[in-house]
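Given next are the chains, with one letter for each unit.
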Number of protein chains: 2
Amino acid sequence: MKDVFPDPATFRVNGRLWIEGPADRFLGIGRLELLQHIQLLGSISKAAQAMNMSYKRAWELVSSMNTQARVPLVSTQTGGQRGGGAHLTDAGAQAVADFEALQLRFQAFVEAETARLHG
Amino acid sequence: MKDVFPDPATFRVNGRLWIEGPADRFLGIGRLELLQHIQLLGSISKAAQAMNMSYKRAWELVSSMNTQARVPLVSTQTGGQRGGGAHLTDAGAQAVADFEALQLRFQAFVEAETARLHG
DNA sequence: ATGCGTTATTCCCGGTCAAACATAACGACA
DNA sequence: TGTCGTTATGTTTGACCGGGAATAACGCAT
């Protein structure tokens, strides 16, 4: 296969991994990063802003995750001291940790296959 | 993590895998299937038709692969007995075989991770 | 010569999806 | 009571991508 590629160093295996339910996607790399930002910033709007994503889209992603999961991953509140906010539930934090680990194993897989490609 | 999901049987890990160059995607599952159909049918237009894909798109994919690879994966001819046709080069057949194998290993990975999810 | 089926290429159009915009509700605080 | 920042949600706009139509070239066959 190596004969096929012009520059072995620049051609590599890549991919995307996600967890899906019967209807929609449940958790992927984009949603993971959103959850991480919410965890860090305590707000959907700040997370969206940091990711250069529209608030509406961020909210829709959160809604999709919360409605699909048995237990909501993100807890939100309107009004209050800082106008409201959002934080990860225990299930949310667990999902983040587990998907991070899954993502690491996937990266290892991809790198191994890239190495094999240049074998 | 299992606590998060409503119905363990329906939630699973899934993903996409591809080989990419410095600019564009080079080879993925869609392109693989296109190559397989060309291999089988001897024509880009018939392959496109069989895949319910427009000829234009099929041709663009073939062009993308051929221009990125050192050696073309698909050889075409205009005119002739049957009006022309297309067939895989040795490099093309090799790429198909190798990516099929890669895809199998990826499927095994995905299934293993799905099993782990329901652990 | 003419026809045929394919490759090769350009142009236009419509569907789709996210961005942008708009607005309401909420609750603490001054 | 009014302000503020956030959640929550509907509506419109716009860009992008693929589909489809149109056209030319090609070369064998009749």
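Analysis parameters
- Residues numbered from 1 in each chain as written.
- Chains lettered and ligands numbered in written order.
- Predicted model: local features only at pLDDT ≥ 70, side-chain atom pairs only at ≥ 80, totals over all residues.
- Heavy atoms only, no water.
- Helix = DSSP H or I, 4+ residues; strand = E, 2+ residues; numbered from the N terminus.
- Buried < 20%, exposed > 50% of the residue type's maximum accessible area, 1.4 Å probe, protein only.
- Contact = heavy atoms within 4.5 Å.
- Axes fitted to C-alpha atoms, helices over the stretch in contact; angles between N-to-C directions.
- Parallel < 35°, antiparallel > 145°, perpendicular 65-115°, else oblique.
- Left-handed = near helix turned anticlockwise from the far one by under 90°.
- Nonpolar A, V, L, I, M, F, W, Y, C, P; charged D, E, K, R; others polar.
- Pairing = 2+ DSSP bridges.
- Near = heavy atom within 4 Å.
- Polar contact = N/O pair within 3.5 Å; in protein donor to acceptor, adjacent residues only side chain to side chain.
- Least-squares fit on C-alpha atoms with pLDDT ≥ 70 in both.

As recorded in an unreviewed UniProt entry, chain A goes by the name LysR family transcriptional regulator, listed as coming from Hymenobacter jeollabukensis.

A. Focus on the environment of H37 of chain B. All names here are of chain B. The residue H37 is located in helix α1 (residues 29-41) in this model. Residue class for H37 comes out partly exposed when judged on its relative accessible area of 24%. Setting aside anything within four residues of it in sequence, one finds H37 in contact with G42, A47, A50 and M51.

B. Structural detail: the packing of helix α4 (residues 90-117) of chain A against helix α4 (residues 90-117) of chain B. In contact at an axis separation of 12 Å, α4 of chain A and α4 of chain B are set at 165° when each is read in the N-to-C sense. When the axes of α4 of chain A and α4 of chain B are compared, the pair comes out roughly antiparallel. For the pair α4 of chain A and α4 of chain B, the sense of crossing is right-handed. Taken together, the residues of α4 of chain B that come into contact with α4 of chain A (itself represented by L102, R105, F106, F109, E113 and R116 of chain A) are L102, R105, F106, F109, E113 and R116 of chain B. Considered class by class, the residues forming the contact of α4 of chain A with α4 of chain B number six nonpolar, no polar and six charged.

C. The sheet that holds strand β2 (residues 25-27) of chain A, seen in detail. Spatial strand order, β2(A)-β1(A)-β1(B)-β2(B): four strands in an open sheet with antiparallel pairing. Strands with a single pairing partner mark the edges of an open sheet, and in this sheet they are β2 of chain A together with β2 (25-27) of chain B. Looking at each pair of strands side by side, their axes are set apart by 60° on average, direction ignored. Bridge analysis of strand β1 (residues 12-20) of chain A against β2 of chain A gives two bridges, and the strand direction is antiparallel. Note on β2 of chain A: the bridge partner recorded for E20 of chain A is R25 of chain A. Its contacts with the sheet place α4 of chain B against β1 of chain A together with β1 (12-20) and β2 of chain B, and it is angled at close to 155° to β1 of chain B.

D. A look at the protein's contact with DNA strand D. Within the structure, DNA strand D sits among 23 residues, and I44, K46, K56 and W59 of chain A together with K56 of chain B are positioned closest to it. Close to the protein, within 4 Å, the atoms of DNA strand D are drawn from sugar and phosphate at a rate of 67%. The side chain of K46 of chain A places a nitrogen or oxygen atom 2.3 Å from a phosphate oxygen of DNA strand D. Side-chain polar atom of T76 of chain A to a phosphate oxygen of DNA strand D: 2.8 Å apart, as the coordinates give it. Of all elements in the fold, only α2 (44-50), α3 (55-68), β3 (74-78) and β4 (84-88) of chain A together with α3 (55-68) of chain B reach the threshold of two or more residues within the surface near DNA strand D. Grouping the constituent residues of the surface near DNA strand D by class yields four nonpolar, 14 polar and five charged.

E. Structural detail: the relation of the copies chain A and chain B. Each copy superposes on the other: chain A lies on chain B with an RMSD of 0.1 Å after a rotation of 179° and an axial shift of 0.1 Å. Expressed as an axis order, the relation between the two copies is that of a two-fold axis. Residue R16 of chain A, judged by its C-alpha, is the member of chain A lying nearest the rotation axis, at 2.6 Å. A share of 100% of interface residues in chain A that are also interface residues in chain B marks the association as one of identical surfaces.

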